Every structure is written in C-alpha cells, then in structure tokens.
Amino acid sequence: MRRLVSCVLLLSSFAFAPGCATYTQDLDRARSHYEANRFEQALALFRVLEHDMDSFSTPERAQYAYLRGMTDYRLADLAPQGSGVADPRKGYRDNARHWLGLAAAIEKQTPGGISSEQKNRLTETLVDLNRDVFGGAETLPEGDAAAGAAPQPDAPATSPADAPEPAAPTL
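Please read these numbers as outputs of a predicted model, since none were measured by experiment.

Participant: Help me understand the overall build of the protein chain, please; the structure alone is not making it clear to me.
Facilitator: The number of helices and strands found in the protein chain is six helices and zero strands. Shown N-terminal to C-terminal, the secondary structure of the protein chain runs as helices and strands in the order α-α-α-α-α-α. Here the protein chain, with 171 residues, has 26% of them falling under the buried criterion. Expressed as a percentage of contacts within the protein chain between residues at least 6 apart in sequence, the contacts between residues at least 24 apart total 59%. Put simply, the protein chain shows about 12,000 Å² of open surface, and 58% of that area lies on carbon and sulfur atoms.

Okay, structure coming up:
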C-alpha cells in the first residue's frame, strides 16, 4: 500500500511540473507585459517576484529593478492626480526612483545586466525623478548649474574668518 501511495505521489508530481514557472520565466512574462504597455499586469508580476529577487542572477536583478522602476514610472503618467498623501502619481514616482536607483547601483557594481539603450533611458528618467527630491536647476542663474555654483568673478571671495566681528553691545 505504501509503495502504491509513493508511486502515485511521484507520478502526480511529474504531472504538475510543467505547470510550474521559474522565476526567470516570470520575469520574462513581466517584461513582455511591460513591452506591450500592459503596465498593471507587469507590476502585479513584479510585486510577486520581489520577495524572490535573491533567486535571480545579478544581471537578472538589474533587469528586474530596471523594468520594475520603468513600470512604476509609466504608471505615474497614467495615474489620476491626487492631493497630498493620497497622490498615486507621487507614490509611483517614488517607487520608480527607488527601483531605478537600485538598477543603476547593480549595473555600476556588476556591468552587463542592462543594455546601453536602457542605460540611457535609466539616466534620463533618474534625472527627471531626482528633480522631485532635489529640485531643478532652472532656479539657478545661467552658468551656475554646473558643479555647485562658483562665485561670480566680480564678487570678493570671503570666508567666515574674513567677516568683520560684530560690535560689542553697549550698556
């Protein structure tokens, strides 16, 4: 009887094996949803895969983070405008910035997971998303946007040590 049960269990495990998908296959399915502009379906798969990221190879982790970030970025454009804390666009953009930053870090540490076209798109998108956090350079005078606003040529260079001492209060 035990032998029969073990044989049935063994055969049933083979019957269900083709129905199981690997993490890589799920990543490929999510990618195809993303490429077909089915961002909601792609995000659903990415959220399921998030807990199993450690099962991916390093290039697959870079692809996962890139595609997840770009999916959130695309959904931010499609989401209705909210207000304050209940703004779905802000949530999507925050998530996009997180995942794209992670993709950039993985790619920097171990190059080869992201194509050159994806790297260009990643860089441009991160510049856009970083404006949400750090603001844009459009408020700086022309020429000061590069490398930290150097002092004007006609302005004297002063340091806190060069500043005059305040006068002593009179009683």
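Participant: How should I be thinking about the confidence of the model for the protein chain in this particular structure?
Facilitator: Note that predicted coordinates carrying low pLDDT should not be read in detail. Residue-level pLDDT values for the protein chain average 78, and 65% of them are 70 or greater. Across residues 7-20, confidence stays below pLDDT 50; counting only partners more than four residues off in sequence or on other chains, it has one contact. When the criterion is pLDDT under 50, residues 143-160 qualifies, and its contacts beyond four places in sequence or with other chains add up to six contacts.

Participant: Would you take a moment to explain the nonpolar core for this structure?
Facilitator: Nonpolar side chains in soluble globular proteins tend to be buried together. The biggest cluster of nonpolar side chains holds 28 residues, and the ones touching the most others in it are Phe46, Tyr64, Tyr66 and Leu100. The set of elements that each furnish at least two residues to this core consists of α2 (23-35), α3 (39-49), α4 (58-78), α5 (88-109) and α6 (116-134). Residue contributions to this core peak at eight residues, all from α4. Every residue in contact with tyrosine 66, bar those within four places of it in the chain, is listed here: Leu100, Ala103, Ile114, Gln118, Arg121 and Leu122.

Participant: Would you mind going over the pattern of salt bridges with me for this structure?
Facilitator: Between side chains of opposite charge, pairing is possible as soon as their charged atoms come close. Counted under the stated rule, the structure contains ten salt bridges. Where arginine 68 meets aspartate 72, a salt bridge forms, and the shortest distance between an N and an O atom there is 3.7 Å. With arginine 68 and aspartate 72 both in helix α4, this residue pair falls four residues apart, about one helical turn. The buried category is assigned to aspartate 72, whose relative accessible area is 0%.

Participant: It is not clear to me how the environment of leucine 122 should be interpreted in this structure. Could you clarify?
Facilitator: Structurally, the position occupied by leucine 122 is in helix α6. Sequence-wise, leucine 122 and glycine 101 are 21 residues apart; in three dimensions their C-alpha atoms are separated by 8.7 Å. Residue contacts for leucine 122: discarding those within four places in its chain leaves Tyr66, Leu100, Ala103 and Ala104.

Participant: How should the packing of α2 against α3 be read in this particular structure?
Facilitator: A pair of packed helices is characterised by two quantities: the angle between their axes and the separation of those axes. One can describe the packing of α2 onto α3 by two numbers: an axis separation of 7 Å at closest approach and a directional angle of 155°. The angle between α2 and α3 falls in the class roughly antiparallel. Handedness of the α2/α3 crossing: left-handed. Counting all contacts with α2, which are made through Tyr23, Asp26, Leu27, Arg29, Ala30, His33 and Tyr34, the residues of α3 involved are Phe39, Gln41, Ala42, Leu45, Phe46 and Leu49. Split by residue class, the contact of α2 with α3 holds nine nonpolar, two polar and two charged.

Participant: What exactly am I supposed to notice about the environment of leucine 45 here?
Facilitator: Turning to its location among the elements, leucine 45 is positioned in helix α3. For leucine 45, a relative accessible area of 12% puts it in the buried group. Once the C-alpha coordinates of leucine 45 and arginine 68 are considered, the two residues, 23 residues apart in sequence, prove to be 9.5 Å apart. In contact with leucine 45, other than residues within four places in its own chain, are Asp26, Arg29, Ala30 and His33.

Participant: Teacher, can you tell me more about the packing of α4 against α6 here?
Facilitator: For the pair α4 and α6, interaxial distance at closest approach is 11 Å and the crossing angle is 50°. One element, α4, and the other, α6, form an angle in the oblique class. Like other packed secondary-structure pairs, α4 and α6 cross with a definite hand, here left-handed. On α6, the residues touching Gln63, Tyr66, Met70, Tyr73 and Arg74 of α4 are Gln118, Arg121, Leu122, Thr125, Asp128 and Leu129. Counted by class, the contact of α4 with α6 contains five nonpolar, three polar and three charged residues.

Scoring rules and cut-offs
- Residues numbered from 1 in each chain as written.
- Predicted model: local features only at pLDDT ≥ 70, side-chain atom pairs only at ≥ 80, totals over all residues.
- Heavy atoms only, no water.
- Helix = DSSP H or I, 4+ residues; strand = E, 2+ residues; numbered from the N terminus.
- Buried < 20%, exposed > 50% of the residue type's maximum accessible area, 1.4 Å probe, protein only.
- Contact = heavy atoms within 4.5 Å.
- Areas by Shrake-Rupley, 256 points an atom, 1.4 Å probe, with all protein chains shown as cover.
- pLDDT = per-residue confidence, 0-100.
- Core = buried A, V, L, I, M, F, W, Y, C linked by side-chain atoms within 4.5 Å.
- Salt bridge = Lys/Arg side-chain N within 4 Å of Asp/Glu carboxyl O.
- Axes fitted to C-alpha atoms, helices over the stretch in contact; angles between N-to-C directions.
- Parallel < 35°, antiparallel > 145°, perpendicular 65-115°, else oblique.
- Left-handed = near helix turned anticlockwise from the far one by under 90°.
- Nonpolar A, V, L, I, M, F, W, Y, C, P; charged D, E, K, R; others polar.

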